[in-house]
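Structural characterization, general
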Amino acid sequence: MSLRSLLCTTALSLAIAGPAQAARSLEQTRYALFQDNLAPVEEDLRALAARGDLGATRLLGEVLASRSPANTARAIELFKQAFAEGRGDIGALVPLARLVDYKPRWQQANRAYMEQALQRFKAGRDFISVDTRLEVFLVFPELFDAAQVTQLIDLYDRACLVYCHAPLYRAVAAARAGDTESADRWFRLAVESDPRAVYRYYDFLGEARNQRFRAFAEQLAPRMATLPVDLVQRIAQQLTEVRNAEISAYNNSRPLSRAQTDEEKQARELKAQAHASLIEQLDREVLQWLDNAIARDFGPAMVSKANFLMTAPDRYGPEPVVDLVQRLEQRQGQNLSLSMAEREQPITPQHIKALRARLHMVLWRTLDPHLSQRLIAELQAEHYPEATLLEGDMYNQGVLDEPDQERALALYLQEARAGSINALMRIARLYTYGRAICRDNAKAYTFAFAAQELGDQRAAALTQALGSRLTPEQRTAATRDGNRLIEEFAL
């Protein structure tokens, strides 16, 4: 059962059963999470887990995994404890599989365990066993044969009543079987109800994925108001990644030398104009999806739009960002009126303060580096996970004075050693695009590779671009260094 379903069921049972049932420690903890997904419940869950409560053990793993990537190893250990070699909570394999999804390093480390775990319970004994196997199939399809998957999906289809994911399972099975036509059809259907299908479909589309995904989103756009709001937000995020990939591809293909002839200069100008036109169109596509989600009062879309606008200060002004931050501030304390989708992506006062800190670092009339510095110091005192990265950004961008990349790099490295994957990406980009620093494609590849291995899907385009600039020997050395980084930083 998903965490969403578990919390809903618990909330309903508490409402029906009354105070006596609410006094049960695990039920009370689950209800606290239903009220506030960021409720401080770890100590309660640790105490229950220490007494052998496997439900609490699994829930502790889910809570830790949702709060920081640095908790990945501990969360995996807890899920395995909850599974108890098939004698405990079989469904604990579901959050384990989802946690390592698109994280090559973690998948490789847990493949053998998952293969053994699947042998410890009967395939079709109940709905939980079927659902669990299919969720594992999404992440480890090589552990299943085609006939077994077909049988599991048929059983699942007959039993599932709500939050069903059969189209996604069918899409992945068809893609694995090489039936691209069926896979495309099922992926399109899956995307309309399951946000997890968005990136899988994008990845499935192959080399022309950027253009093909945009065409798909355009076809879907007339119906966006009828789609779940978290799905609308997820499509906006994927279109943002398409936009960023197009910008990176253009920057990476720009010649380093000056044009030698008028014809060459004209060709470059035409290419630049075409690129600018493409980015303007992509911006419109991203914003129409974000604006739809914002019109439905979805907080994560407000955060996404504010961050999106701040990445292009030459095309947008500060007014809409200021309005979005104020709107987010006004919504604080309304958690019980929020949708379940938003409760699973909670926006804390610290998130909003971090947005304000970023706003005052942008070269708009709102630029106020000293206010940003004060807000960042407050966030560090409040132990906000991204606070030190924001301080690094301040030195990277040079908003206090001139860019100080040595200081920025030291702060990013500090966070990377503490388990931050975002820090790895910042370092990779610093060595790739940074001002006032000697750019180093090999070092950039090392950090981008590590980020990709640990699940940052943004890193794929960067490693591909950087890899084309390195010799095979340099790529091998950079890959080796990336693996060493992961081990040394305990990521």
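Right, let's walk through the structure included here. Remember, predicted model here, so these are calculated numbers, not experimental data.

**Concerning the state of the cysteines**
- Here the structure, examined in full by the defined rule, presents one disulfide.
- Between the sulfur of Cys160 and that of Cys164 lies a disulfide, 2.0 Å long from S to S. Across the disulfide from Cys160 to Cys164, rotation about the S-S bond amounts to roughly -105°, and the bridge is consequently left-handed.

**Details of the side chain of Thr72**
- Locating Thr72 in the fold gives a position in helix H6 (residues 72-83).
- Polar contacts involving the side chain of Thr72 include one to the main-chain carbonyl oxygen of Pro69, which spans 2.7 Å.
- Once residues within four sequence positions are removed from consideration, Thr72 is found in contact with Leu99 and Trp106.

**Section: the packing of aromatic side chains**
- Applying the stated rule across the entire model yields 16 aromatic pairs.
- Arranged with centres 5.0 Å apart and planes meeting at 85°, the rings of Tyr102 and Tyr199 form a pair that is edge-to-face. Of the two residues, Tyr102 sits in the loop between helix H7 (93-100) and helix H8 (104-118) while Tyr199 sits in helix H13 (residues 196-204), which places them 97 residues apart along the sequence.
- The interplanar angle of 55° and the centroid separation of 6.1 Å between the aromatic rings of Phe213 and Phe216 together place this pair among those described as tilted. Here Phe216 and Phe213 lie together in helix H14 (residues 209-220), a separation of three residues that amounts to about one turn.
- Its relative accessible area of 1% is what places Phe213 among the buried residues.
- Residue Phe216 is classed as buried on the basis of its relative accessible area of 3%.
- Here a set of aromatic residues connected by ring pairs shows up, and it is made of Tyr102, Phe187, Tyr199, Tyr201, Tyr202, Phe204, Phe213 and Phe216.
- A cation over a ring is seen here: Lys80 above Tyr113, with NZ or CZ 4.5 Å from the ring centre.

**Overview of the pattern of salt bridges**
- On inspection of all chains with the given rule, the structure shows 37 salt bridges.
- Between Arg315 and Asp283 there is a salt bridge whose closest N-O contact spans 2.9 Å. Taken as a pair, Arg315 in the loop between helix H17 (299-310) and helix H18 (319-330) and Asp283 in helix H16 (residues 262-295) lie far apart in primary sequence, 32 residues in all.
- On the basis of relative accessible area, Arg315 is assigned to the partly exposed category, the value being 36%.
- The salt bridge partner of Arg327 is Asp297, with a shortest N-O separation of 3.3 Å. Of the two residues, Arg327 is situated in helix H18 and Asp297 in the loop between H16 and H17; the sequence distance between them amounts to 30 residues.
- For Arg327, a relative accessible area of 30% translates into the label partly exposed.
- Connected through shared salt-bridge partners, Arg98, Glu135, Asp194 and Arg196 make up one network.

About the thresholds
Each chain carries its own residue numbering, running from 1 in the direction its sequence is written. Under the rules for a predicted model, residues below a pLDDT of 70 receive no local features and side-chain atom pairs below 80 are neither given nor counted, while totals for whole chains, interfaces and linings still include all residues. Values shown for side chains rest on all heavy atoms present in the structure; no hydrogens or waters enter the calculation. Note on disulfides: each one is a pair of cysteine sulfur atoms within 2.5 Å. Secondary structure follows DSSP: runs of H or I at least 4 residues long count as helices, runs of E at least 2 residues long count as strands, and numbering of each begins at the N terminus. For this analysis, a polar contact is any N or O atom pair within 3.5 Å, provided that within protein one partner can donate a hydrogen and the other can accept it, and provided that sequence-adjacent residues contribute only side-chain to side-chain pairs. The contact rule is simple, with two residues in contact once any of their heavy atoms fall within 4.5 Å. Note on ring pairs: Phe, Tyr and Trp rings are taken, using the six-membered ring of Trp, and paired if centres are within 6.5 Å. Classes follow the plane angle, with under 30 degrees stacked, over 60 edge-to-face and the rest tilted. Three exposure classes are used, based on accessible area relative to the maximum for each residue type with a 1.4 Å probe and protein chains only: buried under 20%, partly exposed in between, and exposed over 50%. Lysine NZ or arginine CZ positioned within 6 Å of the ring centre and within 35 degrees of the ring normal marks a charge as sitting over the ring. Here a salt bridge means any side-chain nitrogen of Lys or Arg lying within 4 Å of a carboxyl oxygen belonging to Asp or Glu.

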